[in-house]
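So you can see what is in the structure, the chains are spelled out below.
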Amino acid sequence: MIAALVLATAVSASPTIAELQSLLAAARVDAARVRDIRCEVLGDPTEHRCDWRQKTAKGRWEAWSVLLARDGGRWILIDTPGRASRP
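Conventions adopted
Sequence positions are assigned chain by chain, starting from 1 and proceeding in written order. Owing to the predicted nature of the model, reporting of local features is limited to residues with pLDDT of at least 70; listing and counting of side-chain atom pairs is limited to 80 or more, with chain, interface and lining totals taken over all residues. Values reported for side chains reflect all heavy atoms of the structure, with hydrogen atoms and water molecules removed beforehand. Secondary structure follows DSSP: runs of H or I at least 4 residues long count as helices, runs of E at least 2 residues long count as strands, and numbering of each begins at the N terminus. Contacts are assigned to residue pairs that have any heavy atoms within 4.5 Å of one another. Note that accessible areas follow from Shrake-Rupley with a 1.4 Å probe, and for residues the cover is restricted to the protein chains shown. Throughout, nonpolar core names a set of buried Ala, Val, Leu, Ile, Met, Phe, Trp, Tyr and Cys residues whose side chains join them through atoms within 4.5 Å. Remark: exposure states derive from per-residue accessible area (1.4 Å probe, protein chains only) relative to the maximum for the residue type, with buried under 20%, exposed over 50%, and partly exposed in between. Note on scores: pLDDT gives the predictor's confidence for each residue, bounded by 0 and 100. To count as a disulfide, a pair of cysteine sulfur atoms needs to be within 2.5 Å. Polar contacts here mean pairs of N or O atoms no more than 3.5 Å apart (in protein, one a potential hydrogen donor and the other a potential acceptor; neighbouring residues in sequence count only if both atoms are side-chain atoms). A pair of strands counts as paired when DSSP detects no fewer than two bridges linking them.

Draft legend 1. Seen up close, the overall build of the chain. For the chain, the count of helices and strands is two helices and five strands. For the chain, the α and β elements follow one another from N to C terminus as α-α-β-β-β-β-β. Counted over contacts in the chain with a minimum sequence separation of 6, partners at least 24 positions apart contribute 33%. Carbon and sulfur atoms provide 55% of the accessible area of the chain, an area that totals close to 5,900 Å².

Okay, here's the thing in structure tokens:
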């Protein structure tokens, strides 16, 4: 019972900034051009949307986002990082 509770807690935790930066680097996003990172749970506690601001080559800051999912003990990208749609 305690092990199940610990596992449920671990799976529902948001990705750390370091984990997200590592995933973004693997997707060829320059971490030096990223700021204001925040992640939120979607309906399923193993799926998160992460948003951040990314500096363009022209020096403007744009909103970007990506969807992540928990796969066992690690986070994986479930889409390609891209500019966030505007509400």
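Draft legend 2. Quick peek at the nonpolar core. Counting 12 residues, the largest nonpolar core consists of Leu20, Leu23, Leu24, Val29, Val34, Ile37, Cys50, Trp52, Trp64, Val66, Leu68 and Trp75. Only α2 (17–26), β1 (34–41), β2 (47–55) and β3 (61–71) provide two or more residues apiece to this core. Setting aside chain neighbours within four positions, we find Val66 in contact with Leu20, His48, Arg49, Cys50, Trp52, Leu77, Asp79, Thr80 and Pro81.

Draft legend 3. Expanded view of the confidence of the model for the chain. Averaged over every residue, the pLDDT of the chain is 83; residues scoring 70 or more account for 84%. Per-residue pLDDT, averaged within each element of the chain, yields its smallest value for helix α1 (residues 2–12) (42) and its largest for β3 (95). Overall, residues 1–12 carries pLDDT values under 50, and its contacts beyond four positions in sequence, including any with other chains, amount to seven contacts.

Draft legend 4. The state of the cysteines, seen in detail. Going through the model one piece at a time under the given rule, you end up with one disulfide. Across the disulfide, Cys39 is cross-linked to Cys50 (sulfur-sulfur distance 2.0 Å). Judged by the sign of its S-S torsion, about 110 degrees, the cystine formed by Cys39 and Cys50 is right-handed. Taken together, the residues Cys39 in strand β1 and Cys50 in strand β2 connect sequence positions 11 residues apart. You can call Cys39 partly exposed: its relative accessible area is 25%. Accessibility expressed as a relative area gives 0% for Cys50, which makes it buried.

Draft legend 5. Molecular detail of the side chain of Ser65. Along the chain, the position of Ser65 falls in strand β3. Of the polar contacts made by the side chain of Ser65, one reaches the side chain of Arg49; its length is 3.4 Å. Leave out the neighbours within four places in its chain, and Ser65 touches Arg49, Cys50, Asp51, Trp52, Thr80, Pro81, Gly82 and Ala84.

Draft legend 6. Molecular detail of the pairing of strand β4 (residues 74–77). Where β3 meets β4, four bridges bridge the pair, whose relative direction is antiparallel. Note that in β4 the partner of Ala69 across the bridge is Ile76. Where β3 folds back on β4, the antiparallel hairpin that results is connected by two residues, among which Gly72 adopts a positive phi of roughly 65 degrees.

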